[in-house]
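Observations on chain architecture
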Amino acid sequence: MFKLSAIAKGCALAALSCSPFVQATENVSTNDQPNIIVIMADDLGQWATSFRNNDIIETPNLDYLAENGVRFENGMTPAPVSSAARASFHTGKMPSQHGVYDFLAEDPKFDADWLDGEKLLSERMKDEGYRTALMGKWHATTDSKDPIRGFDRWLSYDALEAGWKNQYLHSGTVLFSSDGENLEYTGIQAQFLTDETLKFIDQDSEQPFFVSLNYVEPHFPFEGLPERLVTKYRGIAHKVVAFGGNSVLEHMSDYTLVPDNHEETLAQYLAAVTLLDDQLGKLIDGLEGRDLLDNTVIAFVSDHGLLMGQYGLYGKVNASFPYNYYEETVRIPFVVSGPEKYVRPKQVRGEFVDLIDLHATVLDLAAGEKQSYDAGYGPGKTLLPMLKGERVRGWREYQFAERGNSRMISNGHWKLVRYYPNPEVNKEPEDHWYDLSNPMGERYLSEPPREELRVKMIADLDAFFEQYSSDKYNGLKMWEQAYPNFTTEDMLKHERWN
């Protein structure tokens, strides 16, 4: 456990100065570095927390974390689909830079060496002297069985052996990959991941720890959650999202329509949210009981949001066609708490922030007193000044997101979603404008804003992706890229783009 006085640190470093370990980690910082835990939920929309439904949804531990830290009201995802969002967090880059633009089917025939050549956050944290762990979902490449570079501890899944659905079971028997070896666990999966995280923290080490803790809740299947939690929501789930709804976008398939058992399904989803909150409380208690809480920064986020009946749809970006960037899809809970040296408590910030900024922030925290971190390779900016309560000027005006041949820019009032055709077709992009101040929300397309703003936002969208895309992975060239899954070919051949 990493909690040493300055004298003890000096003694420990002196004693180890000639050891092979120190020679192998010569970039280890001698500055004060906090332990860091990033908790990433799966498909948890900001709307499904007490921040937005405080009279119905129970997330008291997340409330506690926010009260003792910073809540970002405009926390966003750079890519509203799991694999792309997670790849962006671990690389610090946009999908058009790293090449993962959709969900990756866990099947060898879709393995295209995703993220090959990218330096991952885990590797960068090792450079800073951290011991590292990934617990739970990875899904930024096609297989989670073999440990990914940079992680000292690896507890993920063997989806190729057990099938893709097994890893998402909230209860029952799940086949894990524990440092590359298969391990079965029967029980409540989220509780197991929390226990294993605390075991990793308990390892005897002088190094600070970095844990990427990735629960599968509240992802489908919407069943198998503890009855004690489901019963809380079964009679009131409809108050959060009622049955019914529509939008101008087509539904992707019958599977993305609201099911007849919507109330039960939503109750299971909300029960999963409270189960996550239970684990957060257990983790906070575990750190406090080990006297580690006063030197540990905890971030709680999600990969992206989810539609659970809003607009008459179930799913994320691909719940509709063309792909949606609804607020419920792109907005995520985003809370950071830690020692007051790093985080001033009781803050609510309104700036646009996303998972790539979190990548930059983790590295800035790891740099310690050096404060030498400079992203350079992606659009992320450190949030450390905001965490400390400083007034930040010149922060970005927009939030950007992408999924393949579609891109989003939003200033919080106006949102443009632009769909690009096959480059071989002499055809203009299709623009969907949304006025987020309209009481009808995003149910209907809006007339574009005044010409000056319209031209500016389009130019700023182009300029952003001109800087943060590569010739090889540019999402507008997805017709030339490897298929990430079995739906890609049909999507690319759709008449809308050709």
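Residues numbered from 1 in each chain as written. Predicted model: local features only at pLDDT ≥ 70, side-chain atom pairs only at ≥ 80, totals over all residues. Heavy atoms only, no water.

What to know about the overall build of the protein chain
On a plain count of helices and strands, the protein chain comes out with 15 helices and 18 strands. Computed over C-alpha atoms, the radius of gyration of the protein chain comes to 22 Å, within 12% of the 23 Å expected from 2.2 N^0.38 for 498 residues, which places it in the range of a compact globule. With respect to the principal axes defined by its C-alpha atoms, the protein chain has extents near 65 × 50 × 45 Å. Per-residue burial over the protein chain gives 60% buried out of 498 residues. Of all intrachain contacts in the protein chain linking residues separated by at least 6 positions in sequence, the fraction that spans at least 24 positions is 73%. (Helix = DSSP H or I, 4+ residues; strand = E, 2+ residues; numbered from the N terminus. Rg over C-alpha atoms; globule rule 2.2 N^0.38 Å. Buried < 20%, exposed > 50% of the residue type's maximum accessible area, 1.4 Å probe, protein only. Contact = heavy atoms within 4.5 Å.)

Some remarks on empty space enclosed by the protein
For the structure on display, the rule yields four cavities of 30 Å³ or more. Within this model, the largest cavity holds a volume of roughly 60 Å³. Ile36, Val38, Val297, Ala299, Val336, Leu358, Thr361, Val362, Leu365 and Leu387 together form the lining of the largest cavity. Looking at the lining of the largest cavity, the elements with two or more residues in it are strand 1 (35-41), strand 9 (296-302) and helix 12 (355-366). (1 Å grid on protein atoms, 1.4 Å probe; cavity = no way out; pocket = protein on both sides within 12 Å on 5 of 7 lines; lining within 4 Å. Points joined across faces, edges and corners; volume = space filled by probe spheres on them.)

Here's the deal with the sheet that holds strand 5 (residues 171-178)
If you trace the 10 strands from one edge of the open sheet to the other, you get 6-5-4-3-7-1-9-13-2-14, paired in mixed fashion. Whereas interior strands pair on both sides, the edge strands pair on one side only; in this sheet they are strand 6 (181-188) and strand 14 (347-354). Strand-to-strand, the axes of this sheet are offset by a mean angle of 20 degrees, without reference to chain direction. In the sheet, strand 3 (residues 131-136) pairs with strand 7 (residues 209-214) via six bridges, with the strands oriented parallel. When the bridges of strand 7 are listed, leucine 134 appears paired with serine 212. Relative to the sheet, helix 3 (residues 60-67) contacts strand 2 (69-76), strand 9 and strand 13 (335-337), its axis offset from that of strand 2 by approximately 110 degrees. (Pairing = 2+ DSSP bridges. Axes fitted to C-alpha atoms, helices over the stretch in contact; angles between N-to-C directions.)

Let's talk about the environment of glutamate 73
Within the secondary structure layout, glutamate 73 lies in strand 2. Sequence-distant contacts of glutamate 73, defined by excluding residues within four places in its chain, comprise Gln46, Arg52, Arg331, Val348 and Arg349.

Thoughts on the domain arrangement of the protein chain
Taken domain by domain, the protein chain holds domain 1 (35-392) and domain 2 (400-495). Taking only C-alpha atoms into account, the centre of domain 1 sits 25 Å from that of domain 2. Each side of the interface is counted separately: domain 1 has 36 residues, and domain 2 has 41 residues. Between domain 1 and domain 2 the total buried area reaches about 3,300 Å² when both faces are included, carbon and sulfur atoms providing 63% of it. Where domain 1 touches domain 2, the interface holds two salt bridges. Glutamate 327 is the salt-bridge partner of lysine 415, the closest N and O atoms lying 2.6 Å from each other. Mapped by element, the contributors of at least two residues to the side of domain 1 that touches domain 2 are helix 5 (95-98) and helix 11 (327-330). Ranked by residue count, the leading element in the side of domain 1 that touches domain 2 is helix 5, at four residues. Here the residues of the side of domain 1 that touches domain 2 are counted per class, giving 25 nonpolar, eight polar and three charged. (Domains from an automatic or database assignment. Buried area = accessible area lost by both parts, 1.4 Å probe. Salt bridge = Lys/Arg side-chain N within 4 Å of Asp/Glu carboxyl O. Nonpolar A, V, L, I, M, F, W, Y, C, P; charged D, E, K, R; others polar.)

Section: the layout of surface pockets
Taken as a whole, the largest pocket encloses approximately 1,300 Å³ of empty space. Along its surface, the largest pocket is lined by 43 residues, and Trp164, His219, Phe220, Lys316 and Asn318 are the ones closest to its centre. Those elements giving two or more residues to the lining of the largest pocket turn out to be helix 10 (262-289), strand 10 (307-308), strand 11 (314-315) and helix 15 (488-492). Residues belonging to the lining of the largest pocket are distributed by class as follows: 21 nonpolar, 10 polar and 12 charged.

Notes on the nonpolar core
If you look at the biggest cluster of nonpolar residues, it comprises 61 residues, and the most contacted ones within it are Ile39, Tyr269 and Leu270. At 13 residues, helix 10 tops the list of elements feeding residues into this core. With residues near it in sequence (within four places) discarded, isoleucine 39 still touches Leu213, Tyr215, Leu280, Leu283, Ile298, Ala299, Phe300 and Val301. By size, the runner-up hydrophobic cluster in this structure holds 32 residues, among which are Val38, Leu121, Phe210 and Val297. (Core = buried A, V, L, I, M, F, W, Y, C linked by side-chain atoms within 4.5 Å.)

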